[in-house]
Amino acid sequence: MTVQQSFATLGRSTVPLIAAAIIADLGVDPALVGVYVAIGAVAGFLTTMTCGGLIVRYGAMRMTQVGMVALAIGLTLPATAWLPGFALGAFVGGLGQAISTPSSSHLLGRLSPPRLAPLVFSIKQTGVPAGLMVAGVVAPWLATEAGWRTALLVIGSLAALTAMALQPLRARFDVDRVPGAPLSPADIRANVAMVLREPALRAMCLAMFSFVGLQSLFTGFFVLYLVRGLGYSLERAGLVFAIAVAVAVPARVGWGWLASRLVRPATLLALLGIGMAASAVLTALIEPHWPDWLATTVAIALSATAVSWHGVLLAEVARLSPPGRIGSTTGAVLAFGDAGALILPLLFSAALTLTGGYATGFLIGGALSLAVGLIGLWRKIRLGV
């Protein structure tokens, strides 16, 4: 599950990370990057809202394979350099990539010891920064050396190969599937109503919206910010990004260990919200004359918070889920994350168009995370949870 999460993240982040090369070649508006990210978020929203029944019916491993194939197709379509191909690719790839997390949560929620669930989920979620780290180095290098079209085709091929590599594991891990399970739109409404009715799950939905939104700004715009806003070369910006997300690997494990041993998950998530808000403000303050080590330090701070919370939150959602419905509950909560990944990039693009700068967009994302953190601490003090 860690490996498939890594390749899913690698695939989804490739286009934003080489956007500077695509923009220079095609002469399009940089604000369209936000549109691309938003289309993927819409597709992800549809997937996470509907995937619960599909996972129960076909199995978590099978749906993971289907998702990786869809991601491969989504990366191949933009290689035509046809603008509608980017939109279609974002949609198809978003449908595929979004199945990764609810599928793995369904599987790990069934197999993980409850006491160690935050740590186990955090270890699995290290696939996200691992994928971002590889993408930050490999995608810009491929785009520089072989062209951005080749970069998309190579990484799309890796997604397809991942789906093939998972096939031998299906018989072992899809033993809980229910082939005759019904697929009904009513299940979607029931899942959403359930997570909104339960206060603790409702708080997870709010956190998911804000945290995924800010993460999408970091993964979707940070390299573009360094290249177009601060004058970095594409490879130099990719290296800064890769170094920053590398820190998210031990950070995720560390936060998972803390949530398993010392700090309540809800409290830790509130503190992380405040930390990522402060990091977003620092990101907005980066100046072109800053040395690389200082810009990288700020990026590390944002990565260690905004790209490192997932295991803690997903384990908490799994703990709060009804028996046998972890995949469905996780999908419903993740849908709010996809909503954040839709709305915040569009707000970022609007701010970029209106102001001509990148700082305002990062400040918007930081403000929402700060609100989540403060609400979480207030709830802890008021209710003693």
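Quick caveat: nothing in here was measured; it's all calculated off a predicted structure.

A.B. asks: Help me understand helix H5 (residues 83-97) in this model?
C.D. replies: Turn by turn, an α-helix covers 3.6 residues, leaving residues three or four places apart pointing in a common direction. For H5, with 15 residues, the first-to-last C-alpha span of 21 Å sits near the 21 Å given by 1.5 Å per residue. Within H5 the residues assigned to the buried category are Gly85, Phe86, Gly89, Ala90, Val92, Gly93, Gly94, Gly96 and Gln97. Where H5 is buried, its residues meet helix H1 (2-17), helix H2 (19-26), helix H3 (32-58), helix H4 (60-76), helix H6 (100-111) and helix H9 (148-166).

A.B. asks: What is the right way to read a nonpolar patch on the surface from this model?
C.D. replies: A cluster of nonpolar side chains, Val134, Val137, Val138, Leu239 and Ile243, forms an exposed patch at the surface whose accessible area comes to about 370 Å². Tracing the chain through its elements places Ile243 in helix H13 (residues 234-261). Its relative accessible area of 40% is what places Ile243 among the partly exposed residues.

A.B. asks: Just to check I follow, could you spell out the packing of helix H12 (residues 199-229) against helix H14 (residues 265-284) for this structure?
C.D. replies: Between H12 and H14, the shortest axis-to-axis distance is 11 Å and the interhelical angle comes to 25°. One finds that H12 runs roughly parallel with respect to H14. Crossing handedness for the pair H12 and H14: left-handed. On the side of H12, the interface is formed by Met204, Phe211, Leu214, Phe222 and Tyr225, while H14 contributes Leu269, Gly273, Met276, Ala280, Thr283 and Ala284.

A.B. asks: In this structure, what is going on with the packing of aromatic side chains? I would like to understand it.
C.D. replies: Two descriptors summarise a pair of aromatic rings, namely the distance from one centre to the other and the angle between the planes of the rings. Going through the model one piece at a time under the given rule, you end up with 10 aromatic pairs. Pairing Phe218 with Phe222 gives two aromatic rings, centres 5.1 Å apart and planes at 45°, and the pair type is tilted. Of this pair, Phe218 and Phe222 are both found in helix H12, 4 residues apart, which corresponds to roughly one turn of the helix. Across the pair, exposure class does not vary: Phe218 and Phe222 are buried alike. These aromatic residues form a ring-pair network of at least three members: Phe218, Phe221, Phe222, Tyr225, Phe241, Phe348, Tyr358 and Phe362.

A.B. asks: What am I meant to see in empty space enclosed by the protein here?
C.D. replies: Empty space among the atoms becomes apparent when a probe as large as a water molecule is rolled across them. Under the counting rule described, the total for this entry stands at 1 cavity of 30 Å³ or more. What lines the largest cavity is a set of 37 residues, among which Arg12, Gln97, Val212, Gln215 and Asp338 lie closest to the centre. Of the residues belonging to the lining of the largest cavity, the class tally is 15 nonpolar, 20 polar and 2 charged.

A.B. asks: Explain the environment of Leu234 here, please?
C.D. replies: Considering the arrangement of structural elements, one finds Leu234 in helix H13. The buried category is assigned to Leu234, whose relative accessible area is 13%. Considering only alpha carbons, one finds Leu234 and Ala20, 214 residues apart in sequence, at a separation of 7.2 Å. Every residue in contact with Leu234, bar those within four places of it in the chain, is listed here: Leu17, Ala20, Ala21, Pro140, Thr144, Val223 and Val227.

The rules behind the values
Residues numbered from 1 in each chain as written. Predicted model: local features only at pLDDT ≥ 70, side-chain atom pairs only at ≥ 80, totals over all residues. Heavy atoms only, no water. Helix = DSSP H or I, 4+ residues; strand = E, 2+ residues; numbered from the N terminus. Expected span 1.5 Å × (residues − 1). Buried < 20%, exposed > 50% of the residue type's maximum accessible area, 1.4 Å probe, protein only. Contact = heavy atoms within 4.5 Å. Patch = residues over 30% accessible without salt bridge, like charges linked within 9 Å, V, L, I, M, F, W, Y side chains within 5 Å. Areas by Shrake-Rupley, 256 points an atom, 1.4 Å probe, with all protein chains shown as cover. Salt bridge = Lys/Arg side-chain N within 4 Å of Asp/Glu carboxyl O. Axes fitted to C-alpha atoms, helices over the stretch in contact; angles between N-to-C directions. Parallel < 35°, antiparallel > 145°, perpendicular 65-115°, else oblique. Left-handed = near helix turned anticlockwise from the far one by under 90°. Phe/Tyr/Trp six-rings, centres within 6.5 Å; stacked < 30°, edge-to-face > 60°. 1 Å grid on protein atoms, 1.4 Å probe; cavity = no way out; pocket = protein on both sides within 12 Å on 5 of 7 lines; lining within 4 Å. Points joined across faces, edges and corners; volume = space filled by probe spheres on them. Nonpolar A, V, L, I, M, F, W, Y, C, P; charged D, E, K, R; others polar.

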